[in-house]
Amino acid sequence: PSASLLANLGKNVTFYARYQEGFRPGGLSIDGSFVQRFRNDHVSTYDAGMRFGRKGVTPFDATISISHSRWRDIQADYIDTNGFPTTANIGDGKITSISGSIAVRPVTGLSLEMGAVYNKSRVTQFPVSATGRLGRIPNVASHAVRGSANFETAIGDEDFHLQGWASYIGPSRVGIGPQLGEGQGDYLDSGLAARI
């Protein structure tokens with residue numbers, strides 16, 4: 001199920017709130033010489049935020065939002081005793097996120113955008129088979145930042161587009177256990193593209 005609310009609080013100011021649920025089906029996995037079943041996981045999310053301006057219409061627009069997710073029977077990957085990847089339920093967890101973005105269009109054809117997100121995630125309840133503290137939920141980066149510049153103009157009868165961007169993805173971890181519990185992320189991705 002999902003439900004949402006959208007309210008105009010003034011000229012070019014919008015408030016929204018949303019609730020949504022989702023799941024991934026369960027299945028079977030091989031762990032050494034055993035076949036084990038993992039349950040479907042289920043997530044429910046509350047999300048609320050504000051939007052200022054209208055994207056592509058006003059010279060300035062921005063958004064800010066906060067969300068909270070409860071995740072039950074999280075499916076995660078680990079390496080079994082034979083060195084093969086397998087899947088198991090690692091427990092329940094929570095994710096709280098704060099995100100924001102801003103875009104300005106100082107002159108016709110030029111758009112500058114920036115956005116950021118901060119995630120606090122943790123496994124809150126462990127299955128009986130789990131040993132030790134699992135900490136953060138796998139594959140959820142603690143933070144990320146993105147910036148881009150876009151320019152559009154006409155060259156004769158043709159449209160010319162130029163775009164540059166840079167994204168920083170903060171640290172996270174792949175899965176659980178000694179191998180997949182290692183860190184990932186903490187990298188910068190950037191690019192430049194032109195099109196006529």
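Before any of the text, the structure's been laid out above.
Just so it is clear, the model here is predicted, and its values are computed rather than measured. (Residues numbered from 1 in each chain as written. Predicted model: local features only at pLDDT ≥ 70, side-chain atom pairs only at ≥ 80, totals over all residues. Heavy atoms only, no water.)

A. Layout of the sheet that holds strand β12 (residues 158–169). Strand order in the open sheet made by the 9 strands is β1-β2-β5-β6-β9-β10-β11-β12-β15, with antiparallel pairing throughout. At either end of the open sheet lies a strand with only one pairing partner, and these are β1 (2–10) and β15 (187–195). Shown here is a sheet whose adjacent strand axes are inclined to one another by a mean of 10°, direction ignored. The sheet contact formed by strand β2 (residues 13–24) and strand β5 (residues 41–52) spans 12 bridges and is antiparallel. Residue pairing for β5: Gln20 is matched across the bridge by Thr45. (Pairing = 2+ DSSP bridges. Helix = DSSP H or I, 4+ residues; strand = E, 2+ residues; numbered from the N terminus. Axes fitted to C-alpha atoms, helices over the stretch in contact; angles between N-to-C directions.)

B. Fine view of the nonpolar core. Trp71, Ile74, Ala76, Tyr78, Ala88, Ile90, Ile95, Val123, Ile137, Val140 and Ile176 form the largest nonpolar core, which has 11 residues in total. In this structure Ala76 touches Thr86, Thr87, Ala88, Ile90 and Pro138, once residues within four positions along its chain are discounted. (Core = buried A, V, L, I, M, F, W, Y, C linked by side-chain atoms within 4.5 Å. Buried < 20%, exposed > 50% of the residue type's maximum accessible area, 1.4 Å probe, protein only. Contact = heavy atoms within 4.5 Å.)

C. Spotlight on the environment of Glu152. Looking at the secondary structure, you find Glu152 in strand β11 (residues 143–155). For Glu152, a relative accessible area of 47% gives the class partly exposed. In the structure, Glu152 is positioned 44 residues away from Thr108 in sequence and 8.4 Å away in space, judged by C-alpha atoms. If sequence neighbours within four positions are ignored, Glu152 has contacts with Gly109, Phe160 and His161.

D. Expanded view of the packing of aromatic side chains. Per the counting criterion, the structure on display carries 1 aromatic pair. Relative to Tyr46, the ring of Tyr19 lies with its centre 4.9 Å away and its plane at 50°, an arrangement referred to as tilted. You can see Tyr19 sitting in strand β2 and its partner Tyr46 sitting in strand β5, a full 27 residues away along the chain. The exposure class assigned to Tyr19 is partly exposed, which follows from its relative accessible area of 24%. Of note, Arg51 hangs over the ring of Tyr16, and the distance from its end group to the ring centre comes to 4.5 Å. (Phe/Tyr/Trp six-rings, centres within 6.5 Å; stacked < 30°, edge-to-face > 60°. Lys NZ or Arg CZ within 6 Å of the ring centre and 35° of its normal.)

E. How the structure looks around a nonpolar patch on the surface. Together, Phe52, Phe60, Ile64, Ile102, Val104, Leu112, Met114 and Val145 give the surface a local cluster of nonpolar side chains, amounting to about 630 Å² of exposed area. Put simply, the parts of the chain that give the nonpolar patch at least two residues each are β6 (60–72), β9 (92–104) and β10 (110–125). Taking the relative accessible area as the measure of exposure, Leu112 reaches 35% and is therefore partly exposed. (Patch = residues over 30% accessible without salt bridge, like charges linked within 9 Å, V, L, I, M, F, W, Y side chains within 5 Å. Areas by Shrake-Rupley, 256 points an atom, 1.4 Å probe, with all protein chains shown as cover. Salt bridge = Lys/Arg side-chain N within 4 Å of Asp/Glu carboxyl O.)

F. Representation of the pattern of salt bridges. What the rule picks out here adds up to 5 salt bridges. The partner of Arg24 in a salt bridge is Asp41, with the nearest N and O atoms 2.6 Å apart. Pair noted here: Arg24 is in strand β2 and Asp41 is in strand β5, with a separation of 17 residues, a long-range link. Residue Arg24 is classed as partly exposed on the basis of its relative accessible area, which comes to 38%. Using a relative accessible area of 2% as the deciding quantity, one classes Asp41 as buried. A salt bridge links Lys55 to Glu113, with the nearest nitrogen and oxygen atoms 3.5 Å apart. A residue pair is termed long-range when its members are at least 10 positions apart, and Lys55 in the loop between β5 and β6 and Glu113 in strand β10 qualify at 58 residues. Judged by relative accessible area, which is 28%, Glu113 ranks as partly exposed.

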